[in-house]
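Fold and contact review
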Amino acid sequence: MDSRIQFVLFVVTFATILSPTIAKLTPNYYDRICPKALPIINSIVKQAIIREPRMGASLLRLHFHDCFVNGCDGSVLLDDTPTFIGEKTAFPNINSIRGFEVVDQIKEAVTKACKRDVVSCADILAIAARDSVAILGGKQYWYQVLLGRRDSRFASRDAANTNLPPPFFNFSQLITNFKSHGLNLKDLVVLSGGHTIGFSKCTNFRDRIFNDTNIDTNFAANLQKTCPKIGGDDNLAPFDSTPNKVDTSYYKALLYKRGLLHSDQELFKGDGSQSDRLVQLYSKNSYAFAYDFGVSMIKMGNLKPLTGKKGEIRCNCRKVNQI
Ligand code: HEM
Ligand SMILES: *[C@@H]1O[C@H](CO)[C@@H](O)[C@H](O)[C@H]1NC(C)=O
Ligand SMILES: *[C@@H]1O[C@H](CO)[C@@H](O)[C@H](O)[C@H]1NC(C)=O
């Protein structure tokens with residue numbers, strides 16, 4: 001055989017073998033197959049936030065909890081059944097993650113508009129997270145979201161328990177956790193800025209407000225009213241003074257030892273570390289925060305997506321397709 005033809009065959013064979021692993025997410029994935037998808041998702045997210053401002057935070061967190069457990073594959077959305085264990089009952093998720101009804105509403109609307117199931121549940125989470133941030137922060141916080149993920153047919157409660165960082169982790173544990181997902185110190189500091197919106201339950205910050213020393217005393221005393229030593233487990237406190245606004249107040253609070261979770265305050269200890277310096281930067285420069293947040297969200301959104309022929313486009317985000 002002509003050696004040039006042999007070479008071409010070799011390249012084509014290799015490209016075919018490798019293609020599922022090199023299939024990449026793209027910003028314009030739905031432009032041709034369903035141009036209405038993104039505008040529809042944006043308008044449903046907007047409505048949901050008007051109805052309940054906290055929903056933006058809840059949707060952002062869903063994408064994070066999806067991506068950190070075997071990649072951004074929509075696994076977090078699968079319901080438990082008598083024969084299927086999902087991730088919703090894992091410790092970091094149970095009685096805590098929310099927003100599933102909004103995801104259902106989006107899925108139904110895009111399926112209707114596209115006239116078939118083309119938009120994956122994993123992509124819905126990525127788009128809803130981006131839109132929530134841009135709606136609550138303004139256009140400065142908009143970033144281009146990469147698309148083309150497919151949905152998994154599996155979930156793992158064990159992985160949800162071991163791969164999501166708990167609020168009592170110290171700095172080195174947080175770094176190790178993020179590293180295990182291919183994320184670095186800067187990603188940790190800027191993605192923790194997701195806590196610029198939303199709320200936490202008392203059980204997640206009780207130890208901090210009674211036992212931590214790296215905490216403002218007035219701040220701790222005030223929170224102890226919402227979250228006493230005994231009782232009030234589900235009472236909520238905002239992460240910063242503006243829980244419905246994406247802004248830099250989360251970082252400003254850290255400078256004053258007013259981080260809500262132990263893990264939040266671990267990012268700023270006043271010792272001049274690299275993490276301290278990033279917190280200082282983001283506390284006073286919303287452009288740096290907005291830009292770096294977008295970059296790291298795209299990085300997080302790229303965690304092990306299913307592409308090509310892997311996985312499926314689920315018809316109902318709560319259950320795997322019947323085959
Ligand atoms: C760095 C490690 C992290 C830890 C230890 C952590 C832990 C927590 C905890 C304990 C809560 C409160 C849950 C509850 O009480 O129900 C929470 C809420 C939240 N987290 Fe994180 N988180 C981390 C990183 C992130 C990241 C990377 C994002 C997104 C980029 C994020 C976004 C959120 C949001 C928006 C909420 C509020 C949700 C709502 O109000 O419904 N978190 N997180
Ligand atoms: C962080 O926590 C781990 C596990 O409890 C511990 O071994 C380590 O010494 C802690 N690191 C610091 C700096 O406190
Ligand atoms: C605080 O630390 C003490 C002593 O280690 C422990 O018994 C207690 O459970 C911790 N948490 C609270 C909320 O006091």
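An unreviewed UniProt entry annotates the protein as Peroxidase of Medicago truncatula. Taken from UniProt, the Subcellular location (unreviewed entry) comment for the protein reads in full: "Secreted". Under the heading Function (unreviewed entry), UniProt records this for the protein: "Removal of H(2)O(2), oxidation of toxic reductants, biosynthesis and degradation of lignin, suberization, auxin catabolism, response to environmental stresses such as wounding, pathogen attack and oxidative stress. These functions might be dependent on each isozyme/isoform in each plant tissue."

This part takes up the site of ligand 2. Neighbouring ligand 2 are N170, S172 and Q173. Within the side chain of N170, one N or O atom sits 2.2 Å away from an oxygen atom of ligand 2. Look at ligand 2: alone it shows 360 Å² of surface, and the protein chains cover 25% of it.

Here the focus is the site of ligand 3. What surrounds ligand 3 is the set R206, D207, F210, N211 and K229. The contact in question runs from a nitrogen atom of ligand 3 to an N or O atom on the side chain of D207, over 2.9 Å. With respect to ligand 3, the side chain of N211 contributes an N or O atom lying 2.3 Å from an oxygen atom. Contact with the protein chains hides 41% of the accessible area of ligand 3, taken as 360 Å² for the molecule alone. Its residues assigned to classes, the shell around ligand 3 shows 1 nonpolar, 1 polar and 3 charged.

This next bit is on the state of the cysteines. Throughout this description, disulfide means a covalent bond between two cysteine sulfur atoms. Counted according to the given criterion, the structure contains 4 disulfides. Note that C34 is cross-linked by a disulfide to C114, the S-S spacing being 2.0 Å. Where C34 bonds to C114 through sulfur, the torsion about that S-S bond is close to -80°, and the disulfide is left-handed. Within this pair, whereas C34 is found in the loop between α2 (29–33) and α3 (37–51), its partner C114 is found in helix α5 (residues 100–114), the two being separated by 80 residues in sequence. Here C34 matches C114 in class, with each residue buried. Take C315: it sits in no disulfide, and the sulfur closest to it among the cysteines is that of C121, at 8.9 Å. With a relative accessible area of 47%, C315 lands in the partly exposed category.

Bringing the pattern of salt bridges into the picture now. Tallying each qualifying case throughout the model produces 14 salt bridges. In this structure, D216 and R258 form a salt bridge, with 3.5 Å as the shortest nitrogen-oxygen distance. Of this pair, D216 sits in the loop between α10 (206–211) and α11 (217–226) while R258 sits in the loop between α12 (249–255) and α13 (262–265); the two residues are 42 residues apart in sequence, bridging distant segments of the chain. Assessed through its relative accessible area of 34%, R258 is described here as partly exposed.

With that settled, the discussion passes to the UniProt feature "binding site: Ca(2+) 1" (unreviewed entry) in the protein. UniProt tags D66, V69, G71, D73, S75 and E87 as "binding site: Ca(2+) 1" (unreviewed entry). These annotated residues cover 22 residues of sequence, and their C-alpha atoms lie no more than 13.0 Å from one another, placing them together at a single site. Topologically, V69 is positioned in the loop between α4 (55–67) and α5. Setting aside residues no more than four positions away along its own chain, V69 makes contact with S75, E87, S156, A159, A160 and L164. Residue contacts for D73: discarding those within four places in its chain leaves D66, A122, R150, D151, S152, L306 and R314.

The rules behind these values
Residues numbered from 1 in each chain as written. Chains lettered and ligands numbered in written order. Predicted model: local features only at pLDDT ≥ 70, side-chain atom pairs only at ≥ 80, totals over all residues. Heavy atoms only, no water. UniProt positions renumbered as here; feature names shortened; annotations may be inferred. Near = heavy atom within 4 Å. Polar contact = N/O pair within 3.5 Å; in protein donor to acceptor, adjacent residues only side chain to side chain. Areas by Shrake-Rupley, 256 points an atom, 1.4 Å probe, with all protein chains shown as cover. Nonpolar A, V, L, I, M, F, W, Y, C, P; charged D, E, K, R; others polar. Disulfide = S-S within 2.5 Å. Helix = DSSP H or I, 4+ residues; strand = E, 2+ residues; numbered from the N terminus. Buried < 20%, exposed > 50% of the residue type's maximum accessible area, 1.4 Å probe, protein only. Salt bridge = Lys/Arg side-chain N within 4 Å of Asp/Glu carboxyl O. Contact = heavy atoms within 4.5 Å.

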